[in-house]
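# Breakdown of the fold
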Amino acid sequence: MATLHVRDIPEKLYDRVRKLAASRNRSLSAEVITLLDQAVLDEERRCTHVKAMASIRANLWTPPPNAPDSVTMLREDRAR
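Description of the structure in this document. No experiment lies behind these values; they were computed from the predicted model shown. (Residues numbered from 1 in each chain as written. Predicted model: local features only at pLDDT ≥ 70, side-chain atom pairs only at ≥ 80, totals over all residues. Heavy atoms only, no water.)

Scanning the model with the defined rule gives six salt bridges in all. Note that Arg26 and Glu31 form a salt bridge whose closest N and O atoms lie 2.9 Å from each other. Connected through salt bridges with shared partners, the residues Arg24, Arg26 and Glu31 form a single ionic network. (Salt bridge = Lys/Arg side-chain N within 4 Å of Asp/Glu carboxyl O.)

This is the structure we're talking about:
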């Protein structure tokens, strides 16, 4: 397993993570690994969603030029 050393962690952040680990009955290292794993998964999901939304936007249907708008078409249909 790889080792990761992190320096210059703000004291308040360190205390928050330490308290969170204690409340979950985990070691500080286990809690940091869990939080890091969740953060990476969240970022991967966000990137996937962004790509999916970009694909949807790129493939939106657009009416042909000079096509009547839907309000006009509904009014014509109701007038029959």
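And the narrative resumes.
Let us now look at the packing of helix α1 (residues 11-23) against helix α2 (residues 28-58). With their axes 9 Å apart at the nearest point, α1 and α2 run at an angle of 100° to one another. It follows that α1 is roughly perpendicular to α2 by the angle criterion. Of the residues in α2, those touching α1 at Tyr14, Val17, Arg18, Leu20 and Ala21 are Leu28, Glu31, Val32 and Leu35. Split by residue class, the contact of α1 with α2 holds seven nonpolar, no polar and two charged. (Axes fitted to C-alpha atoms, helices over the stretch in contact; angles between N-to-C directions. Helix = DSSP H or I, 4+ residues; strand = E, 2+ residues; numbered from the N terminus. Parallel < 35°, antiparallel > 145°, perpendicular 65-115°, else oblique. Contact = heavy atoms within 4.5 Å. Nonpolar A, V, L, I, M, F, W, Y, C, P; charged D, E, K, R; others polar.)

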